[in-house]
Amino acid sequence: MKPIQTVFFGLLSVFFATQTLADRLDDFYTRTLPAVDAFMKRLAPEGTPEPWDNLGVRSLIDHAYILALANVDLPEERQPSLEPVVLLFALAEEMQDKDPESRTFGNFRWYWRTPEVTDRNAVEFVASHALPIWFEARDKLPPEARAALARMLHRSVDGCIKHRVRSDYTNIALYNIVHLILLGQIFDRPDAVREGENRLQALLLAVWDHGIFEYNSPTYYAVNVDALQLGLRYVRSESTKKTFRCLLDWLWTDMALNWYKPGLRQSGAQSRTYNYLHGVADSTRLFDLAGLAPRDPAARNVTWLNSLHGLYQPTKEILALSDRYPRLVTQRWGAGPGQWRTSWIQEDIVLGIAAAPYRYARQNMVLTVDLADFDERPGKPPKPLPRCYFIADGREDPYGVKRYPTSTAGHQKALHMEAFWIAAQRNGDALGAVMYTPESFVDPMLTGVRSHFVFRKTDAIFLDGISIELGKEPIAVENKPVVLRYGNRAVGIRILWTRHRNGQSPSAYLVDDGNEYGVNRLTVDHWPQGEPVSPDGVTTLPGAAFFIRVAQKIDSKHDFQAWCDTFAAVKIEESVVGDDSLDFRIAGSDGPVEIHARDLRLPRYTVETLPGGPNGTLECDGNELGRPLLQEIPLVDRYARKLAALKPIAVSAEPVSWEAEDGVGFYRELVEPDDAASGGFCVRVNGDFSWDFDVKQAGRYYLWARVHAEDPQHDSFFAYWNEKSPSKNPVPQGGAWHLGSGKDWRWIPLTLDNGKKPAPLEWTSGIWRLTLQPREQDARVDRFFLTTDPDEKPQQ
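Definitions and cut-offs
- Residues numbered from 1 in each chain as written.
- Predicted model: local features only at pLDDT ≥ 70, side-chain atom pairs only at ≥ 80, totals over all residues.
- Heavy atoms only, no water.
- Core = buried A, V, L, I, M, F, W, Y, C linked by side-chain atoms within 4.5 Å.
- Buried < 20%, exposed > 50% of the residue type's maximum accessible area, 1.4 Å probe, protein only.
- Helix = DSSP H or I, 4+ residues; strand = E, 2+ residues; numbered from the N terminus.
- Expected span 1.5 Å × (residues − 1).
- Contact = heavy atoms within 4.5 Å.
- Polar contact = N/O pair within 3.5 Å; in protein donor to acceptor, adjacent residues only side chain to side chain.
- Pairing = 2+ DSSP bridges.
- Axes fitted to C-alpha atoms, helices over the stretch in contact; angles between N-to-C directions.
- Phe/Tyr/Trp six-rings, centres within 6.5 Å; stacked < 30°, edge-to-face > 60°.
- Lys NZ or Arg CZ within 6 Å of the ring centre and 35° of its normal.
- Parallel < 35°, antiparallel > 145°, perpendicular 65-115°, else oblique.
- Left-handed = near helix turned anticlockwise from the far one by under 90°.
- Salt bridge = Lys/Arg side-chain N within 4 Å of Asp/Glu carboxyl O.

Some words on the nonpolar core
Piece 1. Ranked by size, the top nonpolar core spans 247 residues in total, and within it F89 and L522 carry the most contacts.
Piece 2. Formed by nine residues, the second largest nonpolar core is a distinct cluster that contains Y276, Y389, Y399 and V454.

What to know about helix α2 (residues 21-43)
Piece 1. Its 23 residues place the ends of α2 32 Å apart at the C-alpha level, agreeing with the 33 Å of an ideal helix rising 1.5 Å per residue.
Piece 2. Next to the buried residues of α2 lie α3 (57-73), α4 (83-94), α11 (284-290) and α12 (304-308).

Let's talk about the side chain of Q346
Piece 1. Looking at where Q346 falls in the secondary structure, it is placed in the loop between β4 (340-345) and β5 (349-354).
Piece 2. Given a relative accessible area of 12%, Q346 falls into the buried group.
Piece 3. Engagement of the side chain of Q346 in a polar contact is seen with the side chain of Q552, the distance being 3.4 Å.
Piece 4. Every residue in contact with Q346, bar those within four places of it in the chain, is listed here: Y260, Y325, P326, V550 and Q552.

Quick notes on the sheet that holds strand β13 (residues 429-435)
Sheet strands associate in pairs through backbone hydrogen bonding, adopting either a parallel or an antiparallel arrangement.
Piece 1. Across the sheet, seven strands lie side by side as β12-β13-β22-β19-β18-β15-β16; this open sheet has antiparallel pairing. The open sheet terminates on both sides in strands that have one partner only, identified here as β12 (420-426) and β16 (466-468). When strand polarity is set aside, the average angle formed by the axes of neighbouring strands in this sheet is 20°.
Piece 2. Where strand β15 (residues 460-463) meets β16, three bridges bridge the pair, whose relative direction is antiparallel. Its bridge partner being in β16, F462 is matched across the sheet by S467.

Notes on the packing of aromatic side chains
Piece 1. Evaluation of the coordinates by the stated rule reveals 32 aromatic pairs.
Piece 2. Between F213 and Y358 the ring centres are 5.0 Å apart and the planes differ by 45°, which places this aromatic pair in the tilted class. In this pair, F213 is assigned in the loop between α8 (190-210) and α9 (220-234) and Y358 in the loop between β5 and β6 (367-371), connecting sequence segments 145 residues apart.
Piece 3. A residue is classified by how much of its surface remains accessible, and Y358, at 4% relative accessible area, is buried.
Piece 4. A ring pair is formed by F390 and W421, whose centres lie 4.8 Å apart and whose planes are at 25°; its orientation type is stacked. Here the residue F390 occupies a position in strand β9 (residues 388-393), and W421 occupies one in strand β12, the gap between them amounting to 31 residues. As far as the burial class goes, F390 and W421 line up, both buried.
Piece 5. Three or more aromatic residues joined by ring pairs make a cluster, and in this case those are W658, F689, W691, F693, Y701, W763, W768 and F784.
Piece 6. Over the ring of Y111 we find R113, and its NZ or CZ is 4.3 Å from the ring centre.
Piece 7. Between the NZ or CZ atom of R501 and the centre of the ring of W527, over which it lies, the distance is 4.7 Å.

A short note on helix α7 (residues 170-186)
Piece 1. Taking 1.5 Å as the rise per residue, α7 with 17 residues should run 24 Å; its terminal C-alpha atoms sit 24 Å apart, in good agreement.
Piece 2. For α7, the buried fraction is high: 16 of the 17 residues fall into the buried class.

Examining the environment of P337
Piece 1. With respect to the helices, strands and loops of the structure, P337 is situated in the loop between β3 (327-332) and β4.
Piece 2. Along the primary structure P337 and G588 are separated by 251 residues, whereas in three dimensions their C-alpha atoms are 23 Å apart.

Some remarks on the side chain of R499
Piece 1. For R499, the position within the fold is in strand β19 (residues 489-499).
Piece 2. There is a polar contact of 3.1 Å between the side chain of R499 and the backbone oxygen of G578.
Piece 3. Contacts of R499, omitting those with residues within four sequence positions, involve M435, Q504, P506, H526, T540, L541, P542, G543, V577, G578 and D579.

Thoughts on the packing of α2 against α4
Piece 1. Across the interface, α2 lies against α4 with an axial gap of 11 Å and an inter-helix angle of 60°. In terms of their interaxial angle, α2 and α4 are classed as oblique. In this structure, the crossing between α2 and α4 has a hand that is left-handed. Contact with α2, carried on its side by F39, M40 and L43, involves P84, L87, L88 and L91 of α4 and no other residues of that element.

Brief notes about the sheet that holds β3
Piece 1. Across the sheet, 11 strands lie side by side as β17-β20-β21-β14-β9-β6-β5-β4-β3-β27-β28; this open sheet has antiparallel pairing. Strands at the two margins of the open sheet, each flanked by one partner only, are β17 (475-476) and β28 (623-624).
Piece 2. Summarising the sheet, strand β27 (residues 618-620) and β28 pair through two bridges and their orientation is antiparallel. Its bridge partner being in β28, C620 is matched across the sheet by N623.

Brief notes about the environment of K743
Piece 1. The residue K743 is located in the loop between β38 (733-738) and β39 (746-749) in this model.
Piece 2. Given a relative accessible area of 79%, K743 falls into the exposed group.
Piece 3. Here the alpha-carbon distance between K743 and D254, two residues 489 residues apart in the chain, equals 49 Å.

A short note on the environment of A137
Piece 1. Structurally, A137 is set in helix α5 (residues 122-137).
Piece 2. Taking the C-alpha atoms as reference points, A137 and L69, separated by 68 residues in sequence, lie 6.7 Å from one another.
Piece 3. With residues near it in sequence (within four places) discarded, A137 still touches A68, V72 and P132.

With respect to unusual backbone geometry
Piece 1. Going from Y325 to P326, the amide bond is cis rather than trans, its omega being -15°.
Piece 2. Following the sequence through the fold, P326 ends up in the loop between α13 (316-319) and β3.
Piece 3. P611 follows L610 through a cis peptide bond whose omega is -5°.
Piece 4. Within the secondary structure, P611 is located in the loop between β26 (606-610) and β27.
Piece 5. Of note in the backbone geometry, N427 takes a positive phi value of approximately 55° without being a glycine.

Things to note about the pattern of salt bridges
Think of it this way: side chains of opposite charge can pair up when their charged atoms draw near.
Piece 1. Per the stated rule, a full pass over the model turns up 44 salt bridges.
Piece 2. With a closest N to O distance of 2.9 Å, D288 and R24 form a salt bridge. Of the two residues, D288 sits in helix α11 while R24 sits in helix α2, which places them 264 residues apart along the sequence. For the pair formed by D288 and R24, the shared burial category is buried.
Piece 3. The salt bridge involving K696 is made with D694; its shortest N-O contact spans 2.8 Å.
Piece 4. Residue classification places K696 among the exposed positions, given a relative accessible area of 54%.
Piece 5. Overall, D694 belongs to the partly exposed group, its relative accessible area being 24%.

Have a look at this one:
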């Protein structure tokens with residue numbers, strides 16, 4: 001950060017830091033209450049409501065939230081009338097599914113235009129602001145509004161129970177958990193509280209095992225914190241309060257590690273961002289209120305009320321993590337292949353990668369460079385400047401400014417293209433490769449296929465050591481090194497490989513397309529311009545590979561030239577690409593960097609990187625910070641201790657058998673006595689249960705299990721297995737194991753997804769883990785048998 005920026009940042013922070021909580025609430029309502037009045041005039045211009053097609057149920061509840069909480073936070077003489085809430089709740093209730101026989105009973109239509117519920121997330125966003133109204137201001141509401149709120153929330157209990165959310169959909173999963181527990185408290189529904197607590201335990205297991213799936217998201221980390229703040233404020237159970245507080249410690253440790261104050265953003269790779277150019281969103285308010293960002297007195301988004309009413313504040317020790325330079329942040333965000341990220345954070349520049357794409361939302365940033373600069377505005381908080389990033393682009397939208405209806409609700413979003421991605425990083429060196437697989441081309445909205453490295457406009461650009469000026473006419477890069485200079489910082493780029501859909505090798509090119517965003521780009525075209533995109537036009541898988549190096553504090557012309565020469569001379573030790581595979585290895589400054597991928601046309605491809613992924617879930621300079629925070633929760637601590645004491649079962653060519661209860665489950669109650677079971681105990685698979693294996697000899701193994709399922713409604717679970725290696729990450733194998741039903745215990749072979757033949761386990765030598773997960777409740781397992789002989793059966 002430049003000295004003048006440091007002074008500016010400091011003075012601005014001191015000025016806004018003088019505001020008290022009351023001041024900030026006063027500012028918030030001064031700015032938002034007039035907007036509420038304007039909304040009501042549009043909604044009922046002549047006193048009669050006239051909803052418009054895009055009117056959202058969330059807007060109705062949010063405006064009621066502001067009015068209701070203003071009657072709690074402001075002195076009496078400034079409190080607004082609550083009569084408008086009657087109309088707001090009446091319209092919102094009209095958008096709720098009130099049919100008890102409906103599958104979406106208790107949920108809401110997201111928009112007025114939709115005739116029925118299409119997006120089950122709507123109930124969570126309604127409850128997130130309706131619940132604070134209930135707890136804080138229900139006695140202030142007009143009787144008609146209070147009755148409508150009670151009816152909506154009462155139906156929402158069932159709406160939330162029916163809304164089953166996977167733990168890897170982190171933000172909605174957290175809201176769903178909190179809402180179930182709080183709604184169960186309000187309406188004396190112990191079933192809702194119990195279901196919420198069960199879902200909380202499943203999420204805890206996922207985070208402890210492999211981190212937050214929606215990693216480093218500037219949009220959804222704010223939702224995560226809001227959900228936990230809501231639960232912390234109103235939940236009755238002290239043990240659940242402690243769990244919420246530990247999760248908040250985990251999230252804030254994550255956020256502080258990745259917050260880059262010199263660039264005013266969460267730095268590095270991100271799972272879901274709606275702002276490609278700047279990588280910022282609602283989470284900025286969290287950093288503002290925590291003192292890590294300049295105060296913004298103009299903030300008026302309704303979500304500020306969530307933070308201003310929150311009880312939790314991160315500790316000084318957690319916040320101090322953001323001031324640690326340099327720091328290497330590594331974290332897992334899933335159990336699948338390459339599901340981790342790395343970020344090398346220095347004072348003046350940050351390089352970050354995700355080793356795999358976030359496949360459930362095409363808004364991820366998998367390769368980023370963040371710079372220590374911001375836009376200074378006299379008398380106003382500074383704004384972040386554009387970052388540098390890779391994007392797989394299928395809609396001629398490298399800057400994320402074209403919005404399209406997405407999801408069942410038709411929300412307007414800019415989307416990347418589906419593509420395979422692999423990357424590895426060692427400090428300031430990174431390798432990344434994209435390959436467009438057959439699944440990449442099925443989107444009917446595709447208009448082209450391009451790989452872009454978008455970068456902020458520079459002080460200078462050097463191509464093969466020669467300074468160049470960019471214009472609208474593209475400049476071919478071929479295999480020449482490109483160096484971007486930003487003051488005393490450098491970003492080096494080398495294109496290691498490109499492939500067109502016809503198998504040829506197109507040149508990457510540099511271009512200034514005259515955009516208004518202050519960025520240029522380096523682009524590879526993989527598809528003929530103007531030709532329709534479909535899988536039929538692909539003769540070989542197109543793609544590109546990049547080598548990126550960053551540096552700071554290069555203060556002299558001589559040192560800069562020396563750095564450029566060194567970068568250009570870096571040895572590419574391996575560069576091999578097949579039809580559905582790739583291998584790249586470079587000699588990095590601090591050691592080798594490698595990426596390897598196989599079988600990319602198949603669902604179960606394999607990847608391997610060097611360095612590999614972290615052993616923990618959230619690490620700084622190799623020290624695990626995440627799991628110890630969660631082990632403050634007794635349930636998690638017990639599981640961690642049992643897992644640490646688990647001895648792998650030795651596997652060789654000889655058959656081996658073991659008791660189900662010899663494994664480890666997150667919940668103690670999964671192991672239960674049964675006189676008819678071997679050893680007197682069995683496992684009821686109502687939660688994850690795992691066994692580890694030390695495979696001495698690679699081969700094909702066949703698994704049998706002694707099981708019990710009383711009826712077809714309780715006769716299946718999921719079975720998954722994967723190799724436990726930080727660098728070698730095959731896609732977890734497995735699927736649904738259907739058991740059949742009957743009154744007695746019986747042996748059955750492993751079959752997957754209603755298959756008729758036994759499914760073999762293709763295991764290499766090393767440590768493997770087998771995990772059973774619930775698909776239907778109450779299926780039980782007693783004992784296992786593993787053999788290399790497909791015809792061998794266990795003794796009855």
